[in-house]
Amino acid sequence: METRTESQHQAKQTQPEQENLKGTFAAVLLVGAFILLSWFGVFGLFLNRA
C-alpha cells in the first residue's frame, strides 16, 4: 500500500503547470513585442507624413 503526503501530491500537480507557464510567458512576450513593433511602425509613419 502506497501512501503519499500532501506535499508530494502537490509537487506532482504543480510540475506540468510550470512548463505550461513558461510557454505562456514566451507567447505573451512575442505578442507584446509584435504590438510594440507595430505601434512604433505606425508612429513612424505618422511622423513621416506630418
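Residues numbered from 1 in each chain as written. Predicted model: local features only at pLDDT ≥ 70, side-chain atom pairs only at ≥ 80, totals over all residues. Heavy atoms only, no water.

1. Here we look at the UniProt feature "transmembrane region" (unreviewed entry) in the chain
Feature annotation in UniProt places "transmembrane region" (unreviewed entry) on residues 25–47, given in this structure's numbering. Counting secondary structure, residues 25–47 comes out at 100% helix and 0% strand; the distance between its end C-alpha atoms is 33 Å. (UniProt positions renumbered as here; feature names shortened; annotations may be inferred. Helix = DSSP H or I, 4+ residues; strand = E, 2+ residues; numbered from the N terminus.)

2. Brief notes about the packing of aromatic side chains
All chains considered together, the criterion is met by three aromatic pairs. Between Trp39 and Phe40, the ring centres sit 5.2 Å apart and the planes meet at 85°, which makes this aromatic pair edge-to-face. Across the pair, Phe40 and Trp39 agree in class, each one exposed. Feature note: the residues Trp39, Phe40, Phe43 and Phe46 constitute an aromatic cluster, connected by ring pairs. (Phe/Tyr/Trp six-rings, centres within 6.5 Å; stacked < 30°, edge-to-face > 60°. Buried < 20%, exposed > 50% of the residue type's maximum accessible area, 1.4 Å probe, protein only.)

3. Describing a nonpolar patch on the surface
Together, Leu36, Trp39, Phe40, Phe43, Phe46 and Leu47 make up an exposed nonpolar region whose accessible area comes to about 680 Å². Within the secondary structure, Phe43 sits in helix H1 (residues 6–49). Here Phe43 falls in the partly exposed class, since its relative accessible area comes to 35%. (Patch = residues over 30% accessible without salt bridge, like charges linked within 9 Å, V, L, I, M, F, W, Y side chains within 5 Å. Areas by Shrake-Rupley, 256 points an atom, 1.4 Å probe, with all protein chains shown as cover. Salt bridge = Lys/Arg side-chain N within 4 Å of Asp/Glu carboxyl O.)

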